[in-house]
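Okay, here's what each chain looks like letter by letter:
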Amino acid sequence: MSAVLEISGLQKTYRSRKRVRRALDGFDMVVEAGQVHGFLGPNGSGKTTTLRTLLGLIKPNGGRMSILGQEVPRHLPEVAGQVGAIVESPQFFGNFTARDTLSLLADAGGVRPERVMAVLELVGLRDRAKERVKTYSLGMKQRLAVASALLKEPKLLILDEPANGLDPGGIREMRTLMRDLAESGMTVVLSSHILGEIQLICDSVTIISAGRRVAAGSVSSVLAQHASTTVKVRLEPGVDMYAATELLRAAGAQVTLERDHFTVGNASNPAQITRILAERQVYVTELTPVAVDLESVFLELTGTAPVDGQNRQVDQSAPVPAAGGWGQ
Ligand SMILES: Nc1ncnc2c1ncn2[C@@H]1O[C@H](COP(=O)(O)OP(=O)(O)O)[C@@H](O)[C@H]1O
Ligand SMILES: [Mg+2]
């Protein structure tokens, strides 16, 4: 496999009169050909900055980038024709039909006029192509945006938050479309701050937090590196569950109480739980590992899981928590 996209040590600092904000702090990313690659990170972690820098819309303060083997931004003119991107949500003229909108773009970009109906078909807008854009739903406008990015038959398609504002049905359609495009040989990079549906379509992911890569690779390898250390514990009926969890907390366990059970988040050695409780004649009736999914890895790595007693702030990236368990 060859890398379609490579970024290493990317730095970007925004300066205004009031403050200096380091948006990218030595960010790395590699995307192999023919993949659907998820670029995941919380709000404010640097995804849009990365994509805008890659496309030559803003200047980095350091680092190297290449697209299809060509160093950018220096060689951007050579590869631009092979890259389709939607980074800022495009504004379309509402009184135009989708077909007219794309015809205009095709004309301006020297694209064969037959491509217009072909891309409308591809994104599922063929039957609505002669309606004005202002009558479109948000999902349809998103699809029109994707269609516009597909006009020049790009090898690499970059979409910033394509699932934003879509309902579950719209997200599912977007997912099918991305898979179809990847199967046709295109490489697709899509950024998102929400995981749910995204993890289902990606072959590989890069997770960014506070301007740095915190995980990367195939979805299965990222999951394997973060095998769950969370276990679910149930006690004999009638036992004072609160008192039992206080014993574990005193030993350093991260306990979350539920109605009829509790979980221990950092149980890399679950035998510790049974030992501590049995010493006080409290017996465990169930102890099960909680399966790890990409969402929990994301929350752990980016520190965006809700914290008791704190409202989550937008544009806040907490430091990456240190690895390790307790009682070892
Ligand atoms: N034009 C700008 N001027 C100053 N700060 C900016 C600008 N654009 C983005 N930022 C800041 O850079 C950080 C990364 O933003 P962004 O790349 O938009 O993150 P994401 O797309 O992951 O939500 C944030 O702290 C954001 O506030
Ligand atoms: Mg963004």
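Residues numbered from 1 in each chain as written. Chains lettered and ligands numbered in written order. Predicted model: local features only at pLDDT ≥ 70, side-chain atom pairs only at ≥ 80, totals over all residues.

1. Focus: the overall build of the protein
Consideration 1: The helix and strand tally for the protein stands at 11 helices and 14 strands.
Consideration 2: Overall, the protein is about 80 × 45 × 45 Å in size when its C-alpha atoms are taken along their principal axes.
Consideration 3: Within the protein, the fraction of its 328 residues that count as buried is 32%.
Consideration 4: Sequence-distant contacts in the protein: of pairs separated by 6 or more residues, those separated by 24 or more amount to 70%. (Helix = DSSP H or I, 4+ residues; strand = E, 2+ residues; numbered from the N terminus. Buried ≥ 20, exposed ≤ 12 C-beta atoms within 10 Å, placed from the backbone. Contact = placed C-beta atoms within 7 Å.)

2. Comments concerning the site of ligand 1
Consideration 1: Neighbouring residues of ligand 1: 12 residues in total, closest Tyr 14, Ala 23, Lys 47, Thr 48 and Thr 49.
Consideration 2: Counting residues per element, the ones that place at least two in the shell around ligand 1 are β2 (20-32) and α1 (47-54).
Consideration 3: For the shell around ligand 1, the leading source of residues is α1, giving 3 residues.
Consideration 4: Grouping the constituent residues of the shell around ligand 1 by class yields 2 nonpolar, 7 polar and 3 charged. (Near = placed C-beta within 6 Å. Nonpolar A, V, L, I, M, F, W, Y, C, P; charged D, E, K, R; others polar.)

3. Section: the pairing of strand β1 (residues 3-15)
The side chains of a regular strand alternate, first on one face of the sheet and then on the other.
Consideration 1: Both β1 and β2 contribute to a ladder of 10 bridges, which runs antiparallel. Within the sheet, the bridge partner assigned to Leu 10 lies in β2 and is Phe 27.
Consideration 2: With antiparallel pairing between neighbouring strands as the criterion, β1 and β2 make up a hairpin whose turn holds 4 residues.
Consideration 3: The sheet contact formed by β1 and strand β4 (residues 62-67) spans 5 bridges and is antiparallel. Across the sheet, residue Ile 7 finds its bridge partner in β4, namely Met 65. (Pairing = 2+ DSSP bridges.)

4. Thoughts on the domain arrangement of the protein
Consideration 1: If you check the domain split of the protein, you get domain 1 (3-225) and domain 2 (231-289).
Consideration 2: If you average the C-alpha positions of domain 1 and of domain 2, the two centres end up 45 Å apart. (Domains from an automatic or database assignment.)

5. So, the nonpolar core
Consideration 1: Core analysis: the largest hydrophobic core is formed by 59 residues, its most contacted members being Leu 5, Leu 120, Ala 147, Leu 157, Met 178, Val 188 and Ile 207.
Consideration 2: With residues up to four places along the chain from it excluded, the contact list for Leu 5 reads Met 29, Val 31, Ile 67, Leu 156 and Val 189.
Consideration 3: In this structure, Ala 253, Val 255, Phe 262 and Val 264 belong to the second largest nonpolar core, which totals 10 residues. (Core = buried A, V, L, I, M, F, W, Y, C linked by C-beta atoms within 7 Å.)

6. What about the sheet that holds strand β11 (residues 231-235)?
Consideration 1: A sheet is described by the order of its strands in space; here 4 strands give the open sequence β12-β13-β11-β14, paired in antiparallel fashion. Each edge of the sheet is formed by a strand with only one pairing partner; in this case those strands are β12 (255-257) and β14 (284-289). Across the sheet, the mean angle from the axis of one strand to that of its neighbour is 20°, orientation sign disregarded.
Consideration 2: Pairing of β11 with strand β13 (residues 262-264), which is carried by 3 bridges, proceeds in the antiparallel orientation. Bridge assignment links Lys 232 to a residue of β13, and that residue is Thr 263.
Consideration 3: Strands β11, β12 and β13 of the sheet are contacted by helix α9 (residues 241-250), whose axis makes an angle of about 165° with β12.
Consideration 4: Where helix α10 (residues 271-278) meets the sheet, its contacts fall on β11, β13 and β14, and the angle it forms with β14 comes to roughly 160°. (Axes fitted to C-alpha atoms, helices over the stretch in contact; angles between N-to-C directions.)

7. Here's the deal with the confidence of the model for the protein
Consideration 1: Looking at the protein as a whole, the pLDDT averages 87, with 91% of positions reaching at least 70.
Consideration 2: Mean pLDDT in the protein bottoms out at helix α7 (residues 198-201), which sits at 77, and peaks at β4, which reaches 97.
Consideration 3: When the criterion is pLDDT under 50, residues 306-325 qualifies, and its contacts beyond four places in sequence or with other chains add up to 26 contacts. (pLDDT = per-residue confidence, 0-100.)

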